Amino acid sequence: MNRYTVAVLVRNQFGVLNRVTSMFRRRQFNISSLTVSETEVPEYSRITVLFDGAEMQKQQLISQLYKLPDVCFVRELSPKASVSLELMLIKLELSQSVRDTVLAIAREFDAKVVDSTEASVILQVTADSRQLDAVIDRMREFSILEICRTGCVSLEKGSTTIREIMNQ
Amino acid sequence: MKLSGADIIVKTLIEQGCDVVFGYPGGQILDVYDSLYRFSGEIRHILSAHEQGAAHAADGYARATGRVGVVIATSGPGATNLVTGIATAYLDSVPMVAITGNVMTSQIGYDSFQEIDITGITLPITKHNYFVGSVEELADTIREAFQLAMSGRPGPVLIDVPKDIQKALCEYTPQEAVCPLEKRTAKDVRIQAAADCINASKRPFIYFGGGVIASDARQEMLELAETIDAPMGCSMMGLSVVPTNHPRFLGMQGMHGHYASSTAMHNADCIIALGVRFNDRVIGDKEKFAVNANIIHIDIDGSELSKTVMEAHSLRGDLKLTLQKLLPFVEEKNRSDWQADIERFKQEGALYADSRQGVTPKNVLSLLNGYLQDNTPIVTDVGQHQMWAAQYLRFKNSRRFISSGGLGTMGFGIGAAIGAAVATGEKTVLVTGDGSFAMTLQELATAVSCRLPLVILIMNNGVLGMVRQWQTLFFDKRYSNSVLDKKTDNVALIRAFGAEGEKVSDLEALQKALDNAFRAEGPYLIDCAISQDEFVLPMLPPGGTVDDIIVKAGDEA
């Protein structure tokens, strides 16, 4: 099983996200992350999908996406040629005895302290999804109170844009 | 000129060349019905007994003509009653536009009376659907819906129109009827590679489906078959593309396909699949399916390519155009060894032919064959009678076998037959079973009031025959809820609806009844008793291979 990152340009219209996720659900595609946002142009929204599966299933996922009239362009992003990042907020219970250890680990992962009280701390970490998993694993020895993640966003490296590739 | 949304709907339908719509009125679609009343000189409305019947009728109309079928229903239950009809059309790639009313925009989302989220409900069973938010976008939405329904792989599209949009006024300018979106063909290099594969093969087999009808590629396919000296077989959706008696045609594939056809595909070294899916009903165990064959697949829908089986060459494109580009690259060859094999398969298949006397399915349908004209639409419901019709009836022209393949919708028949009869004006035959017929028989009222020339042949075995067959084979004859034992008098029933019919139990009486039926002007029902223990054979058990084919009763033991 491989993990694929797929960027999807869709018409920026009401209900499009529902059409895409409904198709994923009924065809049982294994989606580990999905984000959607507006783009540099108002006509399009951009969906970034992390999909786990075999090559044949990925082809099927792309073909099925193209059958939705609201889908304008689908592009698989290779890990090497793209930048993929996700933001996580993680809230930890913090007793005096572990405070320094936790903050040291946070520095190790370039995490930023965005809230701090006597009893707790919220760390903001931006990294690729697997690194975020590693941060969580590392913090399990402490008391994790809450986690919230944005899901992965991804852009290809270099000056080329997805819209240029679409229009080629 | 400013028109109301309702008038714009009807005017745009007329502009798109739609001359007949099927439907059922109700509160939230009243404005459209008022427009239909006023424009009744330009567009005909067929009132069904139930919205499901109207949806199947629009489907039957589309299958018989290739044009977009249109169905109209009100909000809430009117809309949900369409669901089975829309899903049936979706699974069989039938171009259809469904228009539903909904509560006024300000009441959407409040669980108002007869409010239902029909765009949400039909999301997975339409190519696309629309909730119309303003009257300004209404006409273009309908045009886009027609275009989507007929383009690429056809299918149903739904448009949900709130009542206030139907009432709102807007400028309307008529436009030309839309054309399908531009057709594409597969890339030259891929076509060349596929041709090389065909040229190198010793035992090519053409497996085709409904895509040949949709793309009108019959001529190109027959030319390919002649050039490479290949036999042909089809999925159920491909029936009627090639005349049943065509010398290269071996018959239907799949669970109840013809022996020679299934055996030939299994022994082929190159399967050329044209506008057809590798559905589980056709391939059985996909790990063991045609392991020695290179599969070449041409389809307009990219998602069908390499979906279930590994393909050597997947060509995405319009079938007709792609075949036209492929033909110059394939070499003319005689493959006499392969033809000798085919002859042997045919002879083996003939050994298993049913030669019994009496009211067997084969004899009943053979009699019916004598009454069929080249253009007679033959419609079926779903179950044993459907498979027998697929196996034994003789087809001459495309679009004349109309049957629910993908969804397998019992109750499809009478509605679809109404649609086909309205579309073609031909005497239309519905072959049905007592189970399927009972599901939607209220549409007899529609057939009678429209005086449609329907011959309804019920193959009545008093049981749910296909369920019973599976229970016999795979559930140790525990006939759970498959014995109907209904006291319904079908002849009295059709009389109650205002038409004639008769009950028969031998072939002589059947012949007379068919004489009467084909002479009658309106609907005529024949209730033909057959044995409850008839099997559909041959049968490829689910998940099995061609080696597991059951060819005669008792084989399964």
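Residues numbered from 1 in each chain as written. Chains lettered and ligands numbered in written order. Predicted model: local features only at pLDDT ≥ 70, side-chain atom pairs only at ≥ 80, totals over all residues. Heavy atoms only, no water.

## Digging into the overall build of chain B
For step 1, the next point in the chain: A tally of regular secondary structure across chain B gives 23 helices and 20 strands.
For step 2, the next point in the chain: Buried positions account for 60% of the 557 residues belonging to chain B.
For step 3, the next point in the chain: If you sum the accessible surface of chain B, you get close to 21600 Å²; carbon and sulfur atoms cover 50% of it.
For step 4, the next point in the chain: Seen as two clouds, the 49 positive and the 65 negative side-chain charges of chain B have centres 3 Å apart. (Helix = DSSP H or I, 4+ residues; strand = E, 2+ residues; numbered from the N terminus. Buried < 20%, exposed > 50% of the residue type's maximum accessible area, 1.4 Å probe, protein only. Areas by Shrake-Rupley, 256 points an atom, 1.4 Å probe, with all protein chains shown as cover. Lys, Arg positive; Asp, Glu negative; His and termini not counted. Charge placed at Lys NZ, Arg CZ, Asp CG, Glu CD.)

## Overview of helix 1 (residues 5–15) of chain B
Residues that lie three or four places apart on an α-helix share one face, since the helix turns once every 3.6 residues.
For step 1, the next point in the chain: Along helix 1 of chain B, ten of the eleven residues are buried, which leaves the element largely enclosed by surrounding structure.
For step 2, the next point in the chain: Remark: Gly17(B) follows helix 1 of chain B within two positions and exhibits a positive phi of approximately 90°.

## Details of the sheet that holds strand 3 (residues 44–53) of chain A
Residues and elements named next belong to chain A.
For step 1, the next point in the chain: Read across the open sheet, the four strands follow the order 2-3-1-4; overall the sheet is antiparallel. Whereas interior strands pair on both sides, the edge strands pair on one side only; in this sheet they are strand 2 (31–38) and strand 4 (71–77). For this sheet, the mean inter-axis angle between neighbouring strands, taken without regard to orientation, is 20°.
For step 2, the next point in the chain: Pairing of strand 1 (residues 2–11) with strand 4, which is carried by six bridges, proceeds in the antiparallel orientation. Residue pairing in the sheet places Thr5 in a bridge with Leu77 of strand 4. (Pairing = 2+ DSSP bridges. Axes fitted to C-alpha atoms, helices over the stretch in contact; angles between N-to-C directions.)

## A short note on the domain arrangement of chain A
All names here are of chain A.
For step 1, the next point in the chain: Split by domain assignment, chain A resolves into domain 1 (2–77) and domain 2 (83–153).
For step 2, the next point in the chain: On a C-alpha basis, the centres of domain 1 and domain 2 stand 29 Å from each other.
For step 3, the next point in the chain: On the domain 2 side, the residues contacting the six residues of domain 1 number seven residues.
For step 4, the next point in the chain: Between domain 1 and domain 2, a total of about 470 Å² is buried, with carbon and sulfur atoms accounting for 54% of that surface.
For step 5, the next point in the chain: The largest share of the area that domain 1 buries against domain 2 comes from Arg3, Thr35 and Leu50, three residues that together contribute 64% of it.
For step 6, the next point in the chain: At the junction of domain 1 and domain 2, the tally comes to zero salt bridges.
For step 7, the next point in the chain: Taken together, the links from domain 1 to domain 2 amount to two residue pairs in polar contact (both at pLDDT 80 or more).
For step 8, the next point in the chain: Those elements that provide at least two residues to the side of domain 1 that touches domain 2 are strand 1, strand 2 and strand 3. (Domains from an automatic or database assignment. Contact = heavy atoms within 4.5 Å. Buried area = accessible area lost by both parts, 1.4 Å probe. Salt bridge = Lys/Arg side-chain N within 4 Å of Asp/Glu carboxyl O. Polar contact = N/O pair within 3.5 Å; in protein donor to acceptor, adjacent residues only side chain to side chain.)

## Concerning the sheet that holds strand 7 (residues 156–162) of chain B
Residues and elements named next belong to chain B.
For step 1, the next point in the chain: Reading across from one edge, 3-2-4-5-7-6 is the order of the six strands in this open sheet, with parallel pairing throughout. In this open sheet, the two edge strands, each paired with only one partner strand, are strand 3 (44–47) and strand 6 (128–131). With direction set aside, neighbouring strand axes in the sheet form an average angle of 20°.
For step 2, the next point in the chain: Inspection of the sheet shows strand 2 (residues 20–23) paired to strand 3 by four bridges, in the parallel sense. Bridging from a neighbouring strand, Val20 pairs with Arg44 of strand 3.

## Overview of a nonpolar patch on the surface
For step 1, the next point in the chain: A surface patch of nonpolar side chains, about 220 Å² in accessible area, is lined by Val83(A), Leu85(A) and Val153(A).
For step 2, the next point in the chain: Judged by relative accessible area, Val83(A) falls into the partly exposed class, the value being 42%. (Patch = residues over 30% accessible without salt bridge, like charges linked within 9 Å, V, L, I, M, F, W, Y side chains within 5 Å.)

## Topic: the environment of Lys2(B)
All names here are of chain B.
For step 1, the next point in the chain: Relative to the helices and strands, Lys2 is located in strand 1 (residues 2–4).
For step 2, the next point in the chain: On the accessibility criterion, Lys2 (55% relative accessible area) is exposed.
For step 3, the next point in the chain: As a C-alpha pair, Lys2 and Gln166 span 164 residues in sequence and 13 Å in three-dimensional space.
For step 4, the next point in the chain: Excluding residues that lie within four positions of it along the chain, Lys2 makes contacts with Leu169, Cys170 and Glu171.

## Here's the deal with empty space enclosed by the protein
Residue and element names in this part refer to chain B.
For step 1, the next point in the chain: Within the structure shown, the criterion is met by three cavities of 30 Å³ or more.
For step 2, the next point in the chain: Quantified by volume, the largest cavity comes out at close to 130 Å³.
For step 3, the next point in the chain: Considering the residues around the largest cavity, the lining is formed by 15 residues, among which His266, Val282, Ile283, Phe289 and Val546 are closest to the centre.
For step 4, the next point in the chain: Counting only elements with at least two residues in the lining of the largest cavity, the list comes to helix 12 (259–267) and helix 13 (280–283).
For step 5, the next point in the chain: At three residues, helix 12 tops the list of elements feeding residues into the lining of the largest cavity.
For step 6, the next point in the chain: Counted by class, the lining of the largest cavity contains seven nonpolar, six polar and two charged residues. (1 Å grid on protein atoms, 1.4 Å probe; cavity = no way out; pocket = protein on both sides within 12 Å on 5 of 7 lines; lining within 4 Å. Points joined across faces, edges and corners; volume = space filled by probe spheres on them. Nonpolar A, V, L, I, M, F, W, Y, C, P; charged D, E, K, R; others polar.)

## Focus on the confidence of the model for chain B
For step 1, the next point in the chain: Of all residues in chain B, 99% attain a pLDDT of 70 or more, and the chain-wide mean is 95.
For step 2, the next point in the chain: Interface confidence for the predicted complex, expressed as ipTM, amounts to 0.88; the pTM equals 0.95. (pLDDT = per-residue confidence, 0-100.)

## Notes on the interface of chain A and chain B
For step 1, the next point in the chain: Contact with chain A, which involves 13 residues of that partner, is made by 16 residues of chain B.
For step 2, the next point in the chain: Regarding the contact of chain A and chain B, the summed buried area is about 1200 Å², with carbon and sulfur atoms giving 50% of it.
For step 3, the next point in the chain: At the junction of chain A and chain B, the tally comes to two salt bridges.
For step 4, the next point in the chain: Among the salt bridges present, the one from Asp301(B) reaches Lys67(A), with a minimum N-O distance of 2.6 Å.
For step 5, the next point in the chain: Between chain A and chain B we count six residue pairs in polar contact (both at pLDDT 80 or more) in total.

## Section: the layout of surface pockets
Residues and elements named next belong to chain B.
For step 1, the next point in the chain: The space that makes up the second largest pocket amounts to roughly 1200 Å³.
For step 2, the next point in the chain: Residue lining of the second largest pocket: 47 residues in total, with His258, Gly349, Ala353, Lys362 and Tyr392 positioned closest to the centre.
For step 3, the next point in the chain: Those elements that place two or more of their residues in the lining of the second largest pocket are strand 11 (249–252), helix 12, helix 15 (336–351), helix 16 (361–369) and helix 17 (384–392).
For step 4, the next point in the chain: Residue composition of the lining of the second largest pocket, by class: 23 nonpolar, 14 polar and ten charged.

## Focus: the pattern of salt bridges
For step 1, the next point in the chain: Here the structure, examined in full by the defined rule, presents 43 salt bridges over all chains.
For step 2, the next point in the chain: Here Asp188(B) makes a salt bridge to Lys325(B), at a shortest N to O gap of 2.7 Å. Here Lys325(B) lies in helix 14 (residues 319–326) and Asp188(B) lies in helix 9 (residues 188–200), a separation of 137 residues in the sequence.
For step 3, the next point in the chain: A relative accessible area of 48% places Asp188(B) in the partly exposed class.
For step 4, the next point in the chain: A salt bridge links Lys288(B) to Asp285(B), with the shortest nitrogen-to-oxygen separation between them at 3.8 Å.
For step 5, the next point in the chain: The network of salt bridges with common partners includes Lys67(A), Arg153(B), Asp301(B), Glu304(B) and Lys307(B).

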